[in-house]
Amino acid sequence: MTSPLRTTNRSRRPSTSASPAAARPLPGSIEPEQKALQRFRAAMDKSSDSIYLIDRATMRFVDVNDTGCRYFGYTREEFLKLGPQDVLCASLEALEGDYDQLIANDDAAETVDIRARRKDGTVTHLEMGRRATRVDGRWIIVSTGRDIAERDAERDRAERALRASEERYRGILENIEDAYYEVDLRGNLVFFNSAFVRLLGYPAAELQGLNNRKFQSPEAAAKVYATFNEVYRTGIPANAYDWEMQGKDDRKVLVEGSVQLVRDANGEATGFRGMLREVTSRRAMEQALRESEERFRSLIELSSDWYWEMDSQFRFVRMERKRDAAETASNHDVDLGKRPWETDIGAESGWEAHRELLLTQRPFHDFVTHRRQPDGSRRYASITGEPVFDAAGHFRGYRGIGRDITAAKLAQQHIQYLATHDSLTNLPNRAMFNELLGVAVQSAQRHANGLAVLFIDLDGFKSINDTLGHDAGDCVLRTVAARLKEAVRGSDIVTRLGGDEFVVLLQDISGIETVAMVAHKILSAVAQPVDLNGSHHRVTASVGISHYPDDTSDGSLLLQYADMAMYIAKEQGKNTFRFHAHDEVGRRKHGS
């Protein structure tokens, strides 16, 4: 094999041909050049095309790759003894003329179809590319060859694959519900699917080539143009963009569309493509829903009720209510994502039973809750809810309304308070005392404790009430009530039965001596002067005492015995106390 040649001229025109080189280095060449030539030789032999280097002066092959050897059936040594005229069906003169034309314009490159003859005599057709390059003062013709039959077969395979791909592509586009379009840079339709035809109502033949402005009002066209221009300028697609189109017979269609820039193989913009989906009905429904929501919110603002929703895990997911000065905004928001019992909302009947009811997915009504406000007061609400199920019958949560019942609840509590308390002194009244006495007796029986009932009647009160008036009398009663409460323990009960009569219930007492000490304390407290309009007045008390269990275990009899003992105290001089006893000796023994 002849020595490889060093390239002195490189073509400026792109070509699939390999750069000229040879298999072995020239004498005296430097080592880096040897390595470069070795790499080129490896690249030549890996090529699927035949590559031939021809010396124009000798018209002999100076190198050929493995593909070329296999194609013609020669070894490399055999090939290098031949010239192109030995393997190509062309005369030496014709080939020399072709090569000289290439040399005359060393930037030129050509591709020709030419017949060739293999070693076994078979004739084939080659697509041959060739060009000339100057190497070490000599012209080298670089030729590449590809069998036309193989080329045509490959091209046919590629065309079939392309047609199949286009058919699949068109099949997909024809079967989707959304309209697909392609336009050039001027907005003229170049491709569209059947859904696009159905969307606008035009025959397909009328649509081809029409400008998109044909389907838009001037206002919509300006909006669409701005969108397309932004996509063209930035290259960023626009998605979920609404615009109005006009179908045939001026039918207006609202679409949600996308726009994408189309580029050719060189990256140059050639047009736009995108999808369109009719949303006329959907947008109308969305608008109706927004209006419905707005009406709903307006009603909420006008109403004292509020609306709420829970998910299937009983967490609040929506809370619509009117805000007022009495409620902080945080109360509306912090509940979201939480279950009711995870908030600071309290349940009047407790959460446990309500949680069990929710698990059964049943409706509920007038469930009373309360919440402490920043000022320490409580707000009460009555909650009503019903379970929510989807179309398949799956449980999705709860929804319902709430109503502020604070005023009604406080009024109810006030009524209950008035029914059980004296309005003048705020002490429990007779009805309340009877209930408390019954509970106290049961507790004393259960724990084997003692208790005492002290029946108190004021001495001299009628004179003050008659001479100074009812206001003065009321002042005395309130003062005495306060002094009685101060004279006993917090666990003891002070009651006004009516008029100037009071009762004290002492619980968990250790003995008679303790009761006597409390009675002395009460007499001393009541006897202190009362300031009435700048003048001091005094009342005293007569106290009757009954004891459990010594006197009786019946609560009503305890009160009756204490009343009887109080009258004995009055008979014996007032401003004193007496214990109930079954004989006069007992009463005298325990008197003060």
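For the structure itself, look to the data block above.
Quick caveat: nothing in here was measured; it's all calculated off a predicted structure. (Residues numbered from 1 in each chain as written. Predicted model: local features only at pLDDT ≥ 70, side-chain atom pairs only at ≥ 80, totals over all residues. Heavy atoms only, no water.)

A. Seen up close, the environment of D264. Mapped onto the elements of the fold, D264 is located in the loop between strand 9 (252–263) and strand 10 (269–278). You can call D264 partly exposed: its relative accessible area is 34%. Looking at D264, its side chain comes within polar contact range of the main-chain nitrogen of N266, at 2.9 Å. (Helix = DSSP H or I, 4+ residues; strand = E, 2+ residues; numbered from the N terminus. Buried < 20%, exposed > 50% of the residue type's maximum accessible area, 1.4 Å probe, protein only. Polar contact = N/O pair within 3.5 Å; in protein donor to acceptor, adjacent residues only side chain to side chain.)

B. Region of interest: the sheet that holds strand 22 (residues 540–548). If you trace the five strands from one edge of the open sheet to the other, you get 18-19-17-22-23, paired in mixed fashion. Each having just a single partner strand, strand 18 (493–498) and strand 23 (577–579) make up the two edges of the open sheet. Across this sheet, the average inter-strand angle for adjacent strands is 20°, counted without regard to direction. Where strand 17 (residues 450–459) meets strand 19 (residues 501–509), seven bridges bridge the pair, whose relative direction is antiparallel. If you follow L454 over to strand 19, its bridge partner there is V504. Sheet strands in contact with helix 14 (residues 430–447) are strand 17, strand 18, strand 19 and strand 22, and its direction is about 20° off that of strand 19. Against the sheet, helix 16 (residues 470–487) touches strand 17, strand 18 and strand 19, its axis set at about 5° to strand 19. (Pairing = 2+ DSSP bridges. Axes fitted to C-alpha atoms, helices over the stretch in contact; angles between N-to-C directions. Contact = heavy atoms within 4.5 Å.)

C. Geometry of empty space enclosed by the protein. Within this structure, the stated rule accounts for five cavities of 30 Å³ or more. Looking at the largest cavity, its volume works out to about 320 Å³. Put simply, the parts of the chain that give the lining of the largest cavity at least two residues each are strand 11 (305–310), strand 12 (316–320), helix 12 (351–359), strand 14 (364–372) and strand 15 (378–389). Taken as a whole, the second largest cavity spans an internal volume of roughly 70 Å³. Around the second largest cavity sit Y181, V183, L189, F196, N212, Q216, F228, W243, M245 and L276, which together line it. At the level of elements, strand 6 (179–184) and strand 8 (238–246) are the ones that each hand at least two residues to the lining of the second largest cavity. Of the residues assigned to the lining of the second largest cavity, the class counts are eight nonpolar, two polar and no charged. (1 Å grid on protein atoms, 1.4 Å probe; cavity = no way out; pocket = protein on both sides within 12 Å on 5 of 7 lines; lining within 4 Å. Points joined across faces, edges and corners; volume = space filled by probe spheres on them. Nonpolar A, V, L, I, M, F, W, Y, C, P; charged D, E, K, R; others polar.)

D. Focus on the sheet that holds strand 10. A sheet is described by the order of its strands in space; here five strands give the open sequence 7-6-10-9-8, paired in antiparallel fashion. Both edges of this open sheet fall to strand 7 (189–192) and strand 8, since each of them pairs with a single strand only. Strand after strand, the sheet turns through a mean of 30° between neighbouring axes, direction not considered. Pairing of strand 9 with strand 10 involves seven bridges; the strand directions are antiparallel. Paired with G257 across the two strands is L276, which belongs to strand 10. Running at roughly 150° to strand 8, helix 9 (residues 218–234) makes contact with strand 6, strand 8, strand 9 and strand 10 of the sheet.

Any link to function would need more than the numbers given here.
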